[in-house]
Amino acid sequence: MANVIRSIKGTRDFYPSEMVKRQWLIGHMRAASEAFGYQPYDGPCLETLELYAAKSGEELVKEQAFVFEDRGGDPVTLRPELTPTLARMVAEKENELFFPLRWWSFGPFWRYERPQKGRTREFFQWNIDLIGSESLLADAELIAVAATFLRNVGLKPQTVQLLVNDRRLMEKQVRKLGIASETLPDLLRMIDRLDRQPGHVWDEKVLGLGLNREQLKGIRELLGNKELWRESEELSTVFTALQELGVGEYVSYDPKIIRGLDYYTGIVFEAHDTKDEFRAILGGGRYANLVGDVGGKPLPGVGFAMGDVVINLVLEKYNLIPQHLENSDGVFVTIFDETTWKSSLELAAELRGAGIEATVYPDFDKLAKQLKYADRMGFTKAVVVGPEELVKGEVVVKDLISREQITLDHAKLIELLKNRFVEKLVVQNQPNKF
RNA sequence: GUGCCUGUAGCUCAAUGGCAGAGUGCUUCACUGUGGAUGAAGAUGUUGAGGGUUCGAAACCCUCCAGGCACCCCA
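These numbers were taken from a predicted model, which means no experiment stands behind them. (Residues numbered from 1 in each chain as written. Chains lettered and ligands numbered in written order. Predicted model: local features only at pLDDT ≥ 70, side-chain atom pairs only at ≥ 80, totals over all residues. Heavy atoms only, no water.)

(A) Here's a closer look at a nonpolar patch on the surface. Taken together, the side chains of W341, L345 and F364 present a nonpolar region at the surface, about 280 Å² in accessible area. The residue L345 is located in helix α12 (residues 341-353) in this model. (Patch = residues over 30% accessible without salt bridge, like charges linked within 9 Å, V, L, I, M, F, W, Y side chains within 5 Å. Areas by Shrake-Rupley, 256 points an atom, 1.4 Å probe, with all protein chains shown as cover. Salt bridge = Lys/Arg side-chain N within 4 Å of Asp/Glu carboxyl O. Helix = DSSP H or I, 4+ residues; strand = E, 2+ residues; numbered from the N terminus.)

Next up, the structure:
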């Protein structure tokens, strides 16, 4: 195995057992999005470098994007985020779209980072935005979408919280301390990184920005004040709306939430595990001007993004991901021997024609081996067509869980399998069985 | 881009300078028309790669490669 060609650093292979989990996760993202009436959209994975030069943070494009020349010599970029694409798509059709837009998307993104816990170079991201409304109800709605997702995957409010803040409130409070407005962006960035370093180091850095000891003390007090939101009419409204939306238990106020990206202008929020063991699960907020930088009219919006990597770590820790590969919808068709294989194929075709998934064993192996395979692959029903049954036009169907088996004709077999199929559909309509 | 740690069977790991092992998985058989258990037998290694030290290296040293973790940045 030493000489197999390796995959690219920071990418992941999704074997069927992992793919089941990925589909499960996507299902919940879709369900939460659609529950609030959001529509799916997507853009290309390749974009021009120019698009990101206009919009994204400098570091994201210069340091972290995969940039290369196409065969014609033009610089292209593997998308490191979706927002610029969204802005471009909205700007291109701004006169024919009907606002507000409620759009969601799921797809792959690439960032050239050093892979580590919770960070890969190729990852999947759920993006969801409400564009064209300045209402605080829109801010609350996006937070409610996030909370609905967290609840539906089985995460409890004791385990995960959506931490909410408002940049306007923080700016106002910081100004009250008499801090110069030119140091404000740097200071906000420091607040965003408070928990990532020892307290005394952080203090030193803040003093280095030009603050005096008293101002530092004032900042520290602000950041410890869990009731600060009461001074913000906007936050009060948002929290009230979230109570009415039935997700109040998932939401709390945190003055330390600022968000690194510069384009946020109001409400900002992140989901964190309450033990603070993992990175932010998702992050988002209010922006004033989505499309201005790509040449459109200013449009306000609110949205968030959730990567698949951190949420998977959290879900794994709390054992919330369905583990097993299941073929329980289908039936496994054995092949008895060289003289009967045609009957097995014929039966399988008949079952498929009746809308039943049928999987045929491809070799003339011993029945024991075939049943062992069926068991390992997660089938719950197997069919045997041997010489004895063939004469009577019957088949043996075996329940691989109860180990019971019965002999019956084709019509009865189809009826039995179809009834089971109907039961399955009913079960699947429950969101946590997606 | 900076720093620290780790590479041994498919997987998880042991062997700390002296014959490369265990558990698990895998294959076969007990069971020639019936799978999960049990028992028995069997297969599997360039010890990440290359070089050096040594009578002798999986182990010690150097270089490279790969992976993990933290910083940076962020989903």
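(B) Expanded view of the pairing of strand β7 (residues 160-166). Within β7, seven of the seven residues are buried, which leaves the element mostly enclosed by the surrounding structure. The side-chain alternation of β7 yields two buried faces, one formed by V160, L162, V164 and D166 and the other by Q161, L163 and N165. In this structure, β7 lies alongside strand β9 (residues 264-273), joined through seven bridges in antiparallel fashion. For L163, the partnering residue across the bridge sits in β9 and is E270. Sheet topology places β7 next to strand β8 (residues 251-253); three bridges connect them, and they run parallel. Bridge pairing in β8 links L163 to S252. (Buried < 20%, exposed > 50% of the residue type's maximum accessible area, 1.4 Å probe, protein only. Pairing = 2+ DSSP bridges.)

(C) Up close: the packing of helix α6 (residues 167-176) against helix α7 (residues 184-192). Remark: α6 packs on α7, axes separated minimally by 11 Å, with the N-to-C direction vectors making an angle of 115 degrees. By the angle class used here, α6 and α7 are roughly perpendicular. In this structure, the crossing between α6 and α7 has a hand that is right-handed. Judged by residue contacts, M170, E171, V174 and R175 of α6 engage L184, L187 and L188 from α7. Along the lines of polarity and charge, the residues of the contact of α6 with α7 split into five nonpolar, no polar and two charged. (Axes fitted to C-alpha atoms, helices over the stretch in contact; angles between N-to-C directions. Parallel < 35°, antiparallel > 145°, perpendicular 65-115°, else oblique. Left-handed = near helix turned anticlockwise from the far one by under 90°. Contact = heavy atoms within 4.5 Å. Nonpolar A, V, L, I, M, F, W, Y, C, P; charged D, E, K, R; others polar.)

(D) Representation of the side chain of E94 within the structure. Mapped onto the secondary structure, E94 falls in the loop between α4 (83-92) and β5 (101-110). When near neighbours in sequence (up to four residues on either side) are disregarded, E94 contacts F99, V291, G296 and K297.

(E) Broad picture of the pattern of salt bridges. Summed over the entire model, instances satisfying the criterion amount to 17 salt bridges. A salt bridge links R12 to D308, with the nearest nitrogen and oxygen atoms 2.9 Å apart. Placement of the pair is R12 in the segment before α1 (16-35) and D308 in helix α11 (residues 308-317), with a sequence separation of 296 residues. Looking at R12, the relative accessible area reads 25%, which means it is partly exposed. Classification of D308 as buried rests on a relative accessible area of 3%.

(F) Layout of the packing of α1 against helix α5 (residues 136-152). One way to put it is that α1 packs onto α5 with a least axis distance of 9 Å and a crossing angle of 140 degrees. For the element pair α1 / α5, the angle class is oblique. Helix-helix and strand crossings are classified by hand; for α1 and α5 the assignment is right-handed. Between α1 and α5, the residues in contact are L25, H28, M29 and A32 and V145, F149 and N152, respectively. Partitioning the contact of α1 with α5 into residue classes produces five nonpolar, two polar and no charged.

(G) Representation of the packing of aromatic side chains in the model. Scanning all chains against the criterion turns up 15 aromatic pairs. On the basis of an interplanar angle of 40 degrees and a centroid distance of 5.0 Å, the ring pair of Y41 and W103 is categorised as tilted. In this pair, Y41 sits in the loop between β1 (39-40) and β2 (46-48) while W103 sits in strand β5, placing the two residues 62 residues apart along the sequence. What makes Y41 buried here is its relative accessible area of 11%. Accessibility expressed as a relative area gives 11% for W103, which makes it buried. Arranged with centres 5.3 Å apart and planes meeting at 80 degrees, the rings of F66 and Y112 form a pair that is edge-to-face. Here F66 is found in strand β3 (residues 66-69), whereas its partner Y112 is found in the loop between β5 and β6 (122-131), with 46 residues between them in sequence. Aromatic rings pair up to connect W126, F149, F269 and F304 into one cluster. Lying over the aromatic face of F124, R22 brings its terminal NZ or CZ to 4.1 Å of the ring centre. Here the basic side chain of R79 rests over the ring of F109, its NZ or CZ set 4.3 Å away from the ring centre. (Phe/Tyr/Trp six-rings, centres within 6.5 Å; stacked < 30°, edge-to-face > 60°. Lys NZ or Arg CZ within 6 Å of the ring centre and 35° of its normal.)

(H) Seen up close, the protein's contact with RNA strand B. Contacts to RNA strand B come from 44 residues, most closely from R111, R119, D375, R376 and L400. Per the 4 Å cut-off to the protein, sugar and phosphate atoms form 43% of the nearby atoms of RNA strand B. Contact between RNA strand B and R114: a base oxygen at 2.7 Å from a side-chain N or O atom of the residue. One nitrogen or oxygen atom from the side chain of R279 is found 3.4 Å from a base nitrogen belonging to RNA strand B. Looking at the surface near RNA strand B, the elements that each hand over two or more residues are β6, β10 (282-287), β11 (301-307), α13 (367-376), α14 (387-392) and β15 (394-399). Examining the composition of the surface near RNA strand B, we find that seven residues originate from one element, α13, more than from any other. Here the residues of the surface near RNA strand B are counted per class, giving 15 nonpolar, seven polar and 22 charged. (Near = heavy atom within 4 Å. Polar contact = N/O pair within 3.5 Å; in protein donor to acceptor, adjacent residues only side chain to side chain.)

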